[in-house]
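Each chain, written out:
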Amino acid sequence: QVQLVESGGGLVQPGGSLRLSCAASGFTFNSYAMSWYRQAPGKERDMVARIANFGGAGTNYADSVKGRFTISRDNAKNTVYLQMNSLKREDTAVYYCNTKFGRMDYWGQGTQVTVSS
């Protein structure tokens, strides 16, 4: 079965950096686009970044994270990453890994990122 397991969250000061990882299993990883979403308390879950399948040449970012976050993938390790730099308090949220098979969405359990001094 499809499994997505996020890691790398934590507490960081404003201006700091974190790298999130999502280990995938149960499907042909390199054949599917992968995304990161986030959900802050009381808010909807929004897409943060997306990377295309195979070589991952195509990437998309939410305007709020452009220039600060970078999504990448390592198909040999079945892992997608989110490098987050220049973190702001408003980046505080639970971050989720996602992939889609047609109309079916698959999610990880999420990892908490808290940006606070």
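About the thresholds
- Within every chain, residues take consecutive numbers counted from 1 along the sequence as written.
- Predicted model: local features are reported for residues with pLDDT of at least 70 only, side-chain atom pairs are reported and counted for 80 or more only, and whole-chain, interface and lining totals are derived from all residues.
- With hydrogens and water set aside, each side-chain value is computed from the structure's full complement of heavy atoms.
- Every helix listed is a DSSP run of H or I at least four residues long, and every strand listed is a run of E at least two residues long, numbered separately from the N terminus.
- Think of it in three bands: with a 1.4 Å probe and only protein chains considered, a residue is buried below 20% of the maximum accessible area for its type, exposed above 50%, and partly exposed in between.
- A positive count includes Lys and Arg, and a negative count includes Asp and Glu. His and the chain ends are not counted in either.
- Whenever Lys or Arg places a side-chain nitrogen within 4 Å of a carboxyl oxygen from Asp or Glu, that contact is recorded as a salt bridge.
- By the criterion applied in these results, polar contacts are pairs of N or O atoms within 3.5 Å in which, for protein atoms, one can donate a hydrogen and the other can accept it, and in which residues neighboring in sequence qualify only through two side-chain atoms.
- Think of it this way: DSSP has to see at least two bridges between two strands before they count as a pair.
- Simply put, an axis is a line fit to the C-alpha atoms, just over the touching stretch for a helix, and the angle between two N-to-C directions goes from 0 to 180 degrees.

## Considerations on the side chain of arginine 73
Mapped onto the elements of the fold, arginine 73 is located in strand β7 (residues 69-74). Within the buried set, arginine 73 has no salt-bridge partner at all; the shortest N-O distance to an opposite charge, 8.4 Å, is to aspartate 74. Here the side chain of arginine 73 touches alanine 52 through a polar contact of 2.7 Å, landing on its backbone oxygen. A distance of 2.9 Å separates a polar atom in the side chain of arginine 73 from a polar atom in the side chain of asparagine 75.

## Notes on unusual backbone geometry
The phi dihedral of asparagine 78 falls on the positive side, at around 50°, and the residue is not glycine. Among the structural elements, asparagine 78 can be located in the loop between β7 and β8 (79-84). Within the chain, serine 86 stands out as a residue other than glycine whose phi angle is a positive 50°. Here serine 86 lies in the loop between β8 and β9 (93-101). Residue class for serine 86 comes out partly exposed when judged on its relative accessible area of 40%.

## Section: the sheet that holds β7
Strands sit in the order β1-β3-β8-β7 across an open sheet of four strands; the sheet is antiparallel. Strands at the two margins of the open sheet, each flanked by one partner only, are β1 (3-7) and β7. Across the sheet, the mean angle from the axis of one strand to that of its neighbour is 15°, orientation sign disregarded. Here β7 pairs with β8 via six bridges, running antiparallel. Bridge pairing in β8 links arginine 73 to valine 80.

That is the geometry; function is a separate question.
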